[in-house]
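Working through the structure, step by step
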Amino acid sequence: MKYAFALSALAASAYPAAVPIDASPICKFNTRALTGDIATPISKRDLNQTTWNPPSNLIAGLKEVWDHTVSTRPNDLNFKNYGYDQVMAGKGKIGYCVRWESSQKLTAAQRAKTQAKLSEQYNKWIAALAGFEKFPYKTVEVKVVGWAVKNKGLLEGDVSGINVYTDLDSGGAPQCSEGCGRFFHQDGDYSKCAAGAAAHYDNSLWLTEGFGGGAGGDWGQRIGSEYFMQNIDAANIHILLHEMGHTFALDDFYDWTPSTGGAFIMNAGGAMQITEFDAWMARDWWRNIKSRYGL
Ligand SMILES: [Zn+2]
């Protein structure tokens, strides 16, 4: 199974499956080289577009992508737990649970950096959407509302101000309380969240020791803990950005490439940052689902 979205149809207990959606080798970052095309970051010209008006050199490829989406994933058009839906439900706020699936200790400074980097990376996708077709948020407030660890001793420093969970999923990996997770409560009922509804999490960032590649979906993103910490000062943590793209409903491109080229981040290895093409693909999703919000 390739798309995490499909998971929502399964019992909640299926969420933390041992083989997550879009995991390596599906996200084949380790085996793909850069295409050699020139990746074009989203430009000021594109950021200022408020209606569908992509650069002329991308129009054909974008149409191919959308046609492919409609023909291969028709049911996904009705799915209502994408990043867009989460941002709308949270009125511009997104909560994260960080699942620290590692034996390494984590300092307070590392936790602070994780929070800051997560917010920065998430907002790179939001920047592509801001102001386009009435997408109402310029930025989204991303907050880590919980840390899940196998034992509390892994968290060094002051933990008095944070929610620490030692719950385990069915595979034995640490997770935040299911009562607080949007994946498990897509109706927004967090009455079973002991920390309160404000401490609910919309996404999990699952950091797994020794994990190659990535996984992403409506539940969040999963990448290697070493990879994340080694890149925590990088401007673009490209596997994380790619996996966030799946949270925003975007496809992989392992079996085909648009005629306009493959230099974009959702084409694994095709770019190290969100490109114009990625931004317009996300915009295409938004303009096609925004009517569910009366927009
Ligand atoms: Zn992928």
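Everything below is about the structure shown above.
Just so it is clear, the structure is predicted and the values come from calculations on it, not from any experiment. (Residues numbered from 1 in each chain as written. Predicted model: local features only at pLDDT ≥ 70, side-chain atom pairs only at ≥ 80, totals over all residues. Heavy atoms only, no water.)

**Some remarks on the overall build of the chain**
If you tally the helices and strands in the chain, you get seven helices and eight strands. Across the 295 residues that make up the chain, the buried fraction comes to 54%. Sequence-distant contacts in the chain: of pairs separated by 6 or more residues, those separated by 24 or more amount to 70%. (Helix = DSSP H or I, 4+ residues; strand = E, 2+ residues; numbered from the N terminus. Buried < 20%, exposed > 50% of the residue type's maximum accessible area, 1.4 Å probe, protein only. Contact = heavy atoms within 4.5 Å.)

**Some words on the environment of N231**
Here N231 lies in the loop between helix 5 (225-230) and helix 6 (238-247). Note: C-alpha distance between N231 and K117 (114 residues apart in sequence) is 9.8 Å. A polar contact of 2.7 Å, which involves the side chain of N231, links it to the backbone oxygen of Y227. (Polar contact = N/O pair within 3.5 Å; in protein donor to acceptor, adjacent residues only side chain to side chain.)

**What about the pattern of salt bridges?**
Scanning the model with the defined rule gives eleven salt bridges in all. Through salt bridges with shared partners, a single network forms among R73, D76 and D251. (Salt bridge = Lys/Arg side-chain N within 4 Å of Asp/Glu carboxyl O.)

**Considerations on the pairing of strand 6 (residues 203-208)**
Counting buried residues in strand 6 gives six out of six residues, a clear majority hidden from the surface. Covered by surrounding structure in strand 6 are N203, L205 and L207 together with S204, W206 and T208, the residues of both alternating faces. Pairing geometry for strand 1 (residues 93-101) and strand 6, over six bridges, is parallel. Bridging across to strand 6, C97 finds its partner in S204. In this sheet, strand 8 (residues 220-224) lies alongside strand 6 in parallel orientation, the contact comprising five bridges. Opposite L207, over in strand 8, you have I223 as the bridge partner. (Pairing = 2+ DSSP bridges.)

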